[in-house]
Amino acid sequence: MLKQTPDGIKSAAMDFDNAIEKMNVDKLLEFFTDDCEVIILNEILKGKDGARKFFDWLFANVIKIKFELVNIMIENDVFFEEFKVKAKLPDGTSVVSNQAEVLVFENYKIKSLRLYLDRLDFANAIATDFISKGIIKTIIKRSLKGLRE
């Protein structure tokens, strides 16, 4: 196994982010180990087939994506990134979402990707009818009860 450096890990992670913005699934799969796992929204997807499933899902729901870096931390083989996503949905709606990811690298390939996001960012953007908008507004209001008073 290669001895990975923080600079090497950061470079691999930034190349990965740039590849996501280009939305080429086959190229993205090259960043992963064969036995990788992707964890998103409490779902665990295993292997490159799981990674492909994740990117196919992502790009079916987002037609343009751009990242803005907020913070990076690297310790041993673990890369942590806090970032802002600016995305365009298939219907033309724009979404901004604060997210974080944890990447575990092995030989500069991604062994594990854990992505953390608030799905309400997207639910709020895609809700079109009065009832859906009302439900989401109520959920957001209740989740902030006690913080905004």
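Scroll up for the structure.
The rules we used
Residues numbered from 1 in each chain as written. Predicted model: local features only at pLDDT ≥ 70, side-chain atom pairs only at ≥ 80, totals over all residues. Heavy atoms only, no water. Helix = DSSP H or I, 4+ residues; strand = E, 2+ residues; numbered from the N terminus. Buried < 20%, exposed > 50% of the residue type's maximum accessible area, 1.4 Å probe, protein only. Contact = heavy atoms within 4.5 Å. Areas by Shrake-Rupley, 256 points an atom, 1.4 Å probe, with all protein chains shown as cover. Lys, Arg positive; Asp, Glu negative; His and termini not counted. Charge placed at Lys NZ, Arg CZ, Asp CG, Glu CD. Core = buried A, V, L, I, M, F, W, Y, C linked by side-chain atoms within 4.5 Å. Expected span 1.5 Å × (residues − 1). Patch = residues over 30% accessible without salt bridge, like charges linked within 9 Å, V, L, I, M, F, W, Y side chains within 5 Å. Salt bridge = Lys/Arg side-chain N within 4 Å of Asp/Glu carboxyl O. Pairing = 2+ DSSP bridges.

Topic: the overall build of the protein chain
So, point 1. Per the secondary structure count, the protein chain includes five helices and six strands.
So, point 2. N-terminal to C-terminal, the α/β element order of the protein chain is α-α-β-β-α-β-β-β-β-α-α.
So, point 3. The C-alpha extent of the protein chain, read off along each of the three principal axes, is 55 × 35 × 25 Å.
So, point 4. Here the protein chain, with 149 residues, has 34% of them falling under the buried criterion.
So, point 5. In the protein chain, the share of contacts with a sequence separation of at least 24, taken over all contacts with a separation of at least 6, comes to 48%.
So, point 6. Total accessible area computed for the protein chain in this model is approximately 9400 Å², and 54% of it derives from carbon and sulfur atoms.
So, point 7. Averaging the positions of the 23 positive and the 24 negative side-chain charges in the protein chain gives two centres separated by 6 Å.

What to know about the nonpolar core
Considering soluble globular proteins, one finds that nonpolar side chains tend to be buried as a cluster.
So, point 1. Judged by nonpolar contacts, the single largest core of 35 residues is most densely connected at Phe-16, Ile-20, Phe-32 and Phe-55.
So, point 2. Residue assignment for this core shows that the elements contributing at least two residues are helix H1 (6-22), helix H2 (25-29), strand E1 (32-40), helix H3 (47-61), strand E3 (64-75), strand E4 (78-88), strand E5 (94-106) and strand E6 (109-117).
So, point 3. The biggest single contributor to this core is H1, with six residues.
So, point 4. Beyond its immediate sequence surroundings of up to four residues, Ile-20 is in contact with Leu-28, Phe-55, Leu-58, Phe-59, Ile-65 and Phe-67.

Thoughts on H3
So, point 1. Its 15 residues give H3 an end-to-end C-alpha distance of 22 Å, which sits within 8% of 21 Å, the value for a rise of 1.5 Å per residue.
So, point 2. Of the surrounding secondary structure, the elements contacted by the buried residues of H3 are H1, H2, E1, strand E2 (43-46) and E6.

Here we look at a nonpolar patch on the surface
So, point 1. On the surface, a nonpolar cluster with roughly 480 Å² of combined accessible area is contributed by Phe-130, Ile-131, Ile-135 and Ile-139.
So, point 2. Take Ile-135: it is sitting in helix H5 (residues 130-143).

Remarks on the pairing of E2
Two faces make up the sheet, and in a regular strand the side chains alternate between them.
So, point 1. Bridge analysis of E1 against E2 gives four bridges, and the strand direction is antiparallel. If you follow Ile-40 over to E2, its bridge partner there is Glu-43.

Section: the environment of Asp-34
So, point 1. Residue position: Asp-34 is located in strand E1.
So, point 2. Accessibility expressed as a relative area gives 62% for Asp-34, which makes it exposed.
So, point 3. Separated by 13 residues in sequence, Asp-34 and Gly-47 place their C-alpha atoms 5.5 Å apart.
So, point 4. Setting aside residues no more than four positions away along its own chain, Asp-34 makes contact with Gly-47 and Lys-48.

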